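# Examining the three-dimensional arrangement
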Amino acid sequence: MTLSTNRRNVLGLFLAACLLAVAVPFALQAGDNFIIVQSTTSTQNSGLFDHILPIFTNRTGIEVRVVAVGTGQALKNAQNGDGDVVLVHSKPDEEKFIADGWGVGRRDVMCNDFIIVGPADDPAGIAGLKEAPEALKKIAEAEAPFASRGDESGTHKEELRLWQDAGIDPRPSSGKWYLETGSGMGATLNTAVGKRAYALTDRSTWLSFANKSDFKVFVTGDPKLFNQYGIILVNPAKHEKVKAKEGQAFIDWLTGPEGQAAIASFRIDGEQLFFPNARPGS
Amino acid sequence: MADLTEAFHTALRLIGTLDPKLIGIVLLSLKVSLTAVVIASTIAFGLGGALAVYRFPGRGAVTATISALMGLPPVIAGLFVYLLLSNTGPLGVLQLLYTPMAMIIAQVIIVVPIVGALTRQACEDLLEEYDEQLRSLGASSTAIVRTLLWDGRYRLITAVLAGFGRAIAEVGAVMIVGGNIDHVTRTMTTAIALETSKGNIALALALGIVLLGIALAVNAALMGVRRFALRLAYA
Amino acid sequence: MLDPKIPARPLQPSPDRAHILLPLELRRLTYAANGKRVIDDLDLTIAERGITVIMGPNGAGKSVLLRLMHGLIAPTSGEILWGGHSMGREIARRQAMVFQKPVLLRRSAKANIWHALGLRGIDRGEREARVIEALKLAALEGRASIPARILSGGEQQRLSLARALSLEPEVLFLDEPTASLDPASTLSIEGLLIDARHRGIKIIVVTHDVGQARRLAQDIVFLHHGRIAEHQLSESFFAAPQSEAARAFLAGGLVL
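The rules behind each value
Residues numbered from 1 in each chain as written. Chains lettered and ligands numbered in written order. Predicted model: local features only at pLDDT ≥ 70, side-chain atom pairs only at ≥ 80, totals over all residues. Helix = DSSP H or I, 4+ residues; strand = E, 2+ residues; numbered from the N terminus. Buried ≥ 20, exposed ≤ 12 C-beta atoms within 10 Å, placed from the backbone. Contact = placed C-beta atoms within 7 Å. Rg over C-alpha atoms; globule rule 2.2 N^0.38 Å. Nonpolar A, V, L, I, M, F, W, Y, C, P; charged D, E, K, R; others polar. Pairing = 2+ DSSP bridges. Axes fitted to C-alpha atoms, helices over the stretch in contact; angles between N-to-C directions. Parallel < 35°, antiparallel > 145°, perpendicular 65-115°, else oblique. Left-handed = near helix turned anticlockwise from the far one by under 90°. Expected span 1.5 Å × (residues − 1). Core = buried A, V, L, I, M, F, W, Y, C linked by C-beta atoms within 7 Å. pLDDT = per-residue confidence, 0-100.

## Describing the overall build of chain B
Within chain B one finds ten helices and zero strands. The order of helices and strands in chain B, counted from the N terminus, is α-α-α-α-α-α-α-α-α-α. The principal-axis extent of the C-alpha atoms belonging to chain B is close to 65 × 50 × 25 Å. Relative to its full complement of 235 residues, chain B shows a buried share of 49%. Once local pairs closer than 6 in sequence are excluded, the contacts in chain B between residues at least 24 apart make up 78%.

Laid out in structure tokens, this is it:
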């Protein structure tokens, strides 16, 4: 008599609905044809995946689920076997990944370039400079604010290489003019714009970034700013749950004619963001 | 400020046109958080009630731990669940990582301490008044727990709604264990994080406005329930 | 609501069992808390049916004594025997208690009685009949579905008492049951107690209201500093109290 029959029925229905809500995700789980790709925020945020993945899924029926984190985290996740394919842009780390046995068959996929962006008033006076390390040197000398990824990503590693070339270690100045955000590219750009700081970013993310304020592109075209993306299959020998067949299908498609064409056709405001450069059997 | 006005317009447009992407994200958020809250409450009611009524060695330690866990940073719960569900983890065989189920598990871990501690408090308060009478009537400890849980139902509803509020607003844990995968594990909060990182501030704010709307609706419901309960001296 | 088809049945303990719980014997009973002996080496025998009233100044230990008899607290030392049997769970189940402040659950009046009967394991069919009878006793049939905690103080206490009676106890304890009630409610409560006594229930009441003691009691137990100062039939107690403390109490003075 604590609950009248009617109320008991309603309660029962509600609980059943909840149990169903729990069971459904489980059911949807099983038998779904998908692979997990650990990739970077730059490819995600630019919108590249939204453009090319539907083409692949249409062709093969395989769904591609992208987890977008920094290169460091992507490789670590793949090392744990929490992904079938890795698509990142830090060749030394990729080669180490393979050497350590976590991945097999690295292939070039596409490239773009890095650029140095900054506030229109250019406090460090780097306008017109053609070489990235030189620009960084001037920024350090002027102690103009600079926003760094600070997260072991491909972009971050590239940035550190450029500082090394400039003969400067910015890290002691961390927290003063050198701001290490420890975040993805977009978040770092938000910080840069907010703090009127310079930043190193890949062109694709910058083109699709919607919060540019009055920022301009300052340094571009330096060969050192070349940015190569590589794709690797997670080693099925190390983790039996890896979907090697479907993963390889994705790699083959992306480095094959159709995938490469899809990459080339991705544009924002008419400008191409990524340049396919897969070589047969590279 | 321009962003804010644009955000309001965007929010109204998305809601007014029943934008399918928005609907998908909202439904997923609700599904994950509601399921998590139901599961967590079932566990937490029993836990809180038992803690209030039963006497056992270590009771104080357990009570203090649950209360402390209320302040557990959600991202830590996310990390913990990630380590469990990762392919190298003990529950890797379940292949639950990057699925809504993983997000539900993480949110359950976050919500149980909140609802549990509030349940325990409610039961203890009731027990102060009821203890002697219930024992005089011959109630066993289990019967006492059941009596307290039903009698405290309005306070428990408040606790559940508090847990839901925490769950639906959570972003750290679901990001780690869900992976923010489009159409699969992208919730309102992870979508907001994504749009912010793409610089789409207005869209991010718009999503935030929708999320706020849901939270307000929940709180309005809560106030309604409490007023009703007070009228009947059931609170 | 209440089902008119269910026949009325009076609430009373089965006559053959009522004998077994008396006499109540307290032997060298002690209860100490926080280093203080609230009940101090107390001896008492209550053998007669009817209403026994326990009186005494504040702090004498009356409420504690009641709770010891009902098993709500355990003595530090000494014995409590009901009809020769040691106090325990089984005996407590044949008793019921009403507290000074009515303790009602956050449910309807009817549901409160229903719940109590459920705790005692009374099966559902029987429960319905007893609920109806109890509500009649409390004169609350028309208010059965009202949330119990909205009822007036007097109604709540009547409901508490009716709930206790619905359990068909052989012994009923009451701790200052009308201390917070107005005279009309006090009258109805006392009426219920007298009626219960006639149905064979042993009643032990703690009260500080001398008038109430006079109206209800067959015998008076006077408690002072955790010991029995005297135990007499009501008439002789009020006519000629034997102890210094009782005399002072009845005269209205402060009993230290």
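## Considering the overall build of chain C
Regarding its fold elements, chain C presents ten helices and ten strands. Computed over C-alpha atoms, the radius of gyration of chain C comes to 18 Å, within 12% of the 18 Å expected from 2.2 N^0.38 for 256 residues, which places it in the range of a compact globule. With the principal axes as the frame, chain C shows a C-alpha extent of 55 × 40 × 35 Å. Relative to its 256 residues, chain C shows a buried fraction of 45%.

## A few points about the interface of chain A and chain B
Each partner contributes to the interface: chain A provides 27 residues, whereas chain B provides 23 residues. Put simply, the parts of the chain that give the side of chain A that touches chain B at least two residues each are α1 (5-29), α2 (41-46), β2 (63-69) and α8 (185-195) of chain A. If one sorts the elements of the side of chain A that touches chain B by residue count, α1 of chain A sits on top with six residues. Grouping the constituent residues of the side of chain A that touches chain B by class yields twelve nonpolar, twelve polar and three charged.

## Regarding the sheet that holds strand β1 (residues 24-33) of chain C
Adjacent strands of a sheet pair through backbone hydrogen bonds, lying either parallel or antiparallel. The strand order β2-β1-β4-β5 (chain C) describes an open sheet built from four strands, whose pairing is antiparallel. The sheet is open, and its two edges are formed by β2 (36-46) and β5 (85-86) of chain C, each paired on a single side.

## A closer look at the sheet that holds strand β3 (residues 51-55) of chain C
Residues and elements named next belong to chain C. Spatial strand order, β6-β7-β8-β3-β9-β10: six strands in an open sheet with mixed pairing. With partners counted over all chains shown, the strands left at the sheet margins are β6 (95-98) and β10 (227-233), one partner each. Across the sheet, the axes of successive neighbouring strands diverge by a mean angle of 15°, strand direction being ignored. Helix α6 (residues 153-166) contacts β6 and β7 (171-175) of the sheet and is inclined by roughly 175° relative to β6.

## Points about the packing of helix α6 (residues 132-142) of chain A against helix α7 (residues 154-166) of chain A
Residue and element names in this part refer to chain A. In the contact formed by α6 and α7, the axes pass within 8 Å of each other and the chain directions differ by 80°. Compared by their axis directions, α6 and α7 come out roughly perpendicular. Here α6 contributes A132, P133, L136 and K137 to the contact with α7, which in turn contributes L162, W163, D165 and A166. Tallied by class, the residues present in the contact of α6 with α7 amount to six nonpolar, no polar and two charged.

## Describing unusual backbone geometry
As a rule of thumb, non-glycine residues mostly have phi less than zero, and peptide bonds are mostly trans rather than cis. Residue and element names in this part refer to chain C. The step from L22 to P23 runs through a cis peptide bond, and the omega angle for that step is 5°. Not every positive phi belongs to a glycine, and R28 is a case in point at roughly 50°. With 12 C-beta atoms packed within 10 Å, R28 lands in the exposed category. You will see that E176, though not glycine, has its phi angle at about 50°, which is positive. Tracing the backbone shows E176 in the loop between β7 and α7 (183-198).

## Some points on the packing of helix α1 (residues 2-16) of chain B against helix α10 (residues 201-231) of chain B
Residue and element names in this part refer to chain B. In the contact formed by α1 and α10, the axes pass within 7 Å of each other and the chain directions differ by 60°. Our classification of the angle between α1 and α10 gives oblique. In this structure, α1 meets α10 at a crossing whose hand is right-handed. Every residue of α10 that contacts α1 at D3, L4, E6, A7, F8, T10, A11, L14 and I15 is listed here: I201, A202, L203, L205, A206, I209 and V210. Residue classes in the contact of α1 with α10 are distributed as 13 nonpolar, one polar and two charged.

## Examining the pairing of β6 of chain C
All names here are of chain C. Going residue by residue along β6, you find Q95 and M97 tucked away on one face and A96 and V98 tucked away on the opposite face as well. Two elements, β6 and β7, share four bridges in a ladder whose sense is parallel. Across the sheet, the residue bridging to Q95 is V171, located in β7.

## A closer look at the environment of Q73 of chain A
Counting through the fold element by element, Q73 of chain A comes out in helix α4 (residues 71-79). Between the alpha carbons of Q73 of chain A and D151 of chain A there is a distance of 8.9 Å; along the sequence they are 78 residues apart.

## Some points on α6 of chain C
All names here are of chain C. Compared with an ideal rise of 1.5 Å per residue, which puts 14 residues at 20 Å, α6 spans 20 Å between its outermost C-alpha atoms and is within 8% of the ideal. Most of α6 is tucked away, with 13 of its 14 residues classed as buried. Positive backbone phi, at 50°, marks E168, one or two positions downstream of α6.

## Overview of the nonpolar core
Residues V85 of chain A together with V81, A102, A106, V111 and V177 of chain B are the most contacted members of the largest nonpolar core, which totals 220 residues. Top contributing element to this core by residue count: helix α5 (residues 100-136) of chain B, with 20 residues. Apart from the residues within four sequence positions on either side, V177 of chain B is in contact with G78, V81, Y82, L85, L97, A102, M103 and A106 of chain B.

## Quick notes on the environment of A64 of chain B
For A64 of chain B, the location among the structural elements is in helix α3 (residues 59-69). Sequence-wise, A64 of chain B and S197 of chain B are 133 residues apart; in three dimensions their C-alpha atoms are separated by 38 Å.

## Describing the confidence of the model for chain B
On average, chain B scores 91 in pLDDT, and the residues at 70 or more come to 99%. The weakest mean pLDDT in chain B belongs to α1 of chain B at 83; the strongest belongs to α5 of chain B at 96.

## Section: the environment of A7 of chain B
All names here are of chain B. If you trace the backbone, A7 turns up in helix α1. Along the backbone, A7 and I144 are 137 residues apart, and their C-alpha atoms lie at a distance of 52 Å. Look past the residues within four positions of A7 in its chain and what remains in contact with it is A202, L205, A206 and I209.

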